[in-house]
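Each chain is listed here by its residues.
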Amino acid sequence: MATRRAAAVLIGITCVLLALGGCIFTDLRPDGDPGVIDLGGPQNLLQNPNADAGMDSWTPFSADAFVEGGSGNPAFTIRNGSFMTQRVDITGKTSRILVIVGITAAQNATPLSLGRMHAYTYSNADPNMVIAHFTSPDLVSTSSTSNEWVILTAQFALPPNADAIELFLATGGSGAHDGSHTWFDYLGLYLADTTQLAQDIIDDYTTTHTW
Ligand SMILES: [Ca+2]
């Protein structure tokens, strides 16, 4: 734990709303650092978790799910009730505790616009049938401050036959949306052998982020 924390990278992010509705990120990562978090162990199963490669590996529901630039630190962006997903194959992996982490901010912090993550799981026996749907209040932002980045983390026990996980980046719910932007970044999806190891991942994530 201490080693992982020592290896972890402090991140500073500030987000400044521009008149045009854009978002500027000031990323304090040292040059060449490969990512937001170095746990020295668990592998982030997500591809392109920080939006560095645009929408690569992510599937938008509509044109209202996209990547927005910022100053060299793009973020996944949702508006008007859209969402985006990434499906991860975990065939053959035996660890059964799923960890989901990420940060989110809303340009207009109304309940409809606050960031929300959830996940489906599938079995190879029927890759199109959802066998479990993971939701948690811990994966829904409760921020009342526009443009405030907040951390979302949760862990879930996977069904024994789960062979794939589909992560959703979404917002609060259905209703009349105002076109404002909701951002996500520094996403992580991990598998752990025990709930304690899952909590270690969450602790590392939450203690190595400042903004
Ligand atoms: Ca990013």
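Located above this text is the structure these notes cover.
Residues numbered from 1 in each chain as written. Predicted model: local features only at pLDDT ≥ 70, side-chain atom pairs only at ≥ 80, totals over all residues.

Some remarks on the overall build of the protein
Assigned secondary structure in the protein consists of two helices and 14 strands. For the protein, buried positions account for 37% of its 211 residues. Considering only contacts within the protein whose residues lie at least 6 apart along the sequence, 75% involve residues at least 24 apart. (Helix = DSSP H or I, 4+ residues; strand = E, 2+ residues; numbered from the N terminus. Buried ≥ 20, exposed ≤ 12 C-beta atoms within 10 Å, placed from the backbone. Contact = placed C-beta atoms within 7 Å.)

Let's talk about the sheet that holds strand 7 (residues 84-89)
With antiparallel pairing, the five strands of this open sheet are ordered in space as 4-7-12-9-10. Bordering the open sheet on either side are strand 4 (59-60) and strand 10 (126-134), each of which pairs with just one other strand. Judged from the six bridges that link them, strand 7 and strand 12 (residues 164-171) form a sheet pairing that is antiparallel. Its bridge partner lying in strand 12, Gln86 is registered against Leu167. (Pairing = 2+ DSSP bridges.)

Let's talk about the nonpolar core
Counting residues in each nonpolar core, the largest one holds 44 residues, and the members touching the most others are Phe76, Leu98, Val99, Ile100, Leu169 and Ile201. For this core, the elements supplying multiple residues, two or more each, are strand 5 (65-68), strand 6 (75-78), strand 8 (97-106), strand 9 (115-123), strand 11 (150-157), strand 12, strand 13 (182-192) and helix 2 (195-207). Here this core gets eight residues from one element, more than from any other, and that element is strand 13. Contacts of Leu98, omitting those with residues within four sequence positions, involve Phe134, Gln155, Phe156, Leu158, Ile165 and Leu191. (Core = buried A, V, L, I, M, F, W, Y, C linked by C-beta atoms within 7 Å.)

Details of the sheet that holds strand 6
Strand order in the open sheet formed by five strands is 5-6-13-8-11, with antiparallel pairing between adjacent strands. Each edge of the open sheet is held by one strand with a lone partner, namely strand 5 and strand 11. On average, each strand axis in the sheet is tilted by 35 degrees relative to the strand beside it, whichever way the strands run. Bridge count between strand 6 and strand 13: three bridges; the pairing is antiparallel. (Axes fitted to C-alpha atoms, helices over the stretch in contact; angles between N-to-C directions.)

Quick notes on the pairing of strand 9
Residues in a regular strand project their side chains so that they alternate between the two faces of the sheet. Judged from the eight bridges that link them, strand 9 and strand 12 form a sheet pairing that is antiparallel. Looking across to strand 12, one finds that Ala119 is bridged to Leu167. With five bridges joining them, strand 9 and strand 10 adopt antiparallel strand pairing. Across the sheet, Tyr122 pairs through a bridge with Val130, a residue of strand 10. Where strand 9 hands over to strand 10, the hairpin turn is made up of two residues, counted between the paired strands.

Overview of unusual backbone geometry
Excluding glycine, residues mostly have negative phi values, and the peptide bonds linking residues are mostly trans. One non-glycine residue, Asn48, lies in the positive phi region at around 50 degrees. Checked against the element boundaries, Asn48 lands in the loop between strand 3 (23-25) and strand 4. The class of Asn48 is partly exposed, set by 16 C-beta atoms lying within 10 Å. Positive phi, normally seen in glycine, also occurs at Tyr186, with a value near 50 degrees. Looking at the secondary structure, you find Tyr186 in strand 13. With 23 C-beta atoms counted inside 10 Å, the residue Tyr186 sits in the buried group.

What about the pairing of strand 8?
Most of strand 8 is tucked away: nine of the 10 residues are buried. Strand direction decides the pairing type here: strand 8 and strand 13, joined by nine bridges, are antiparallel. In the sheet register, Ala105 faces strand 13, and the bridge partner there is Trp183.

Looking at the environment of Val130
As for its position among the elements, Val130 is in strand 10. It is 6.1 Å that separates the C-alpha atoms of Val130 and Tyr120, two residues lying 10 residues apart in sequence. If we skip the residues at most four places from it in the chain, Val130 touches Tyr120 and Tyr122.

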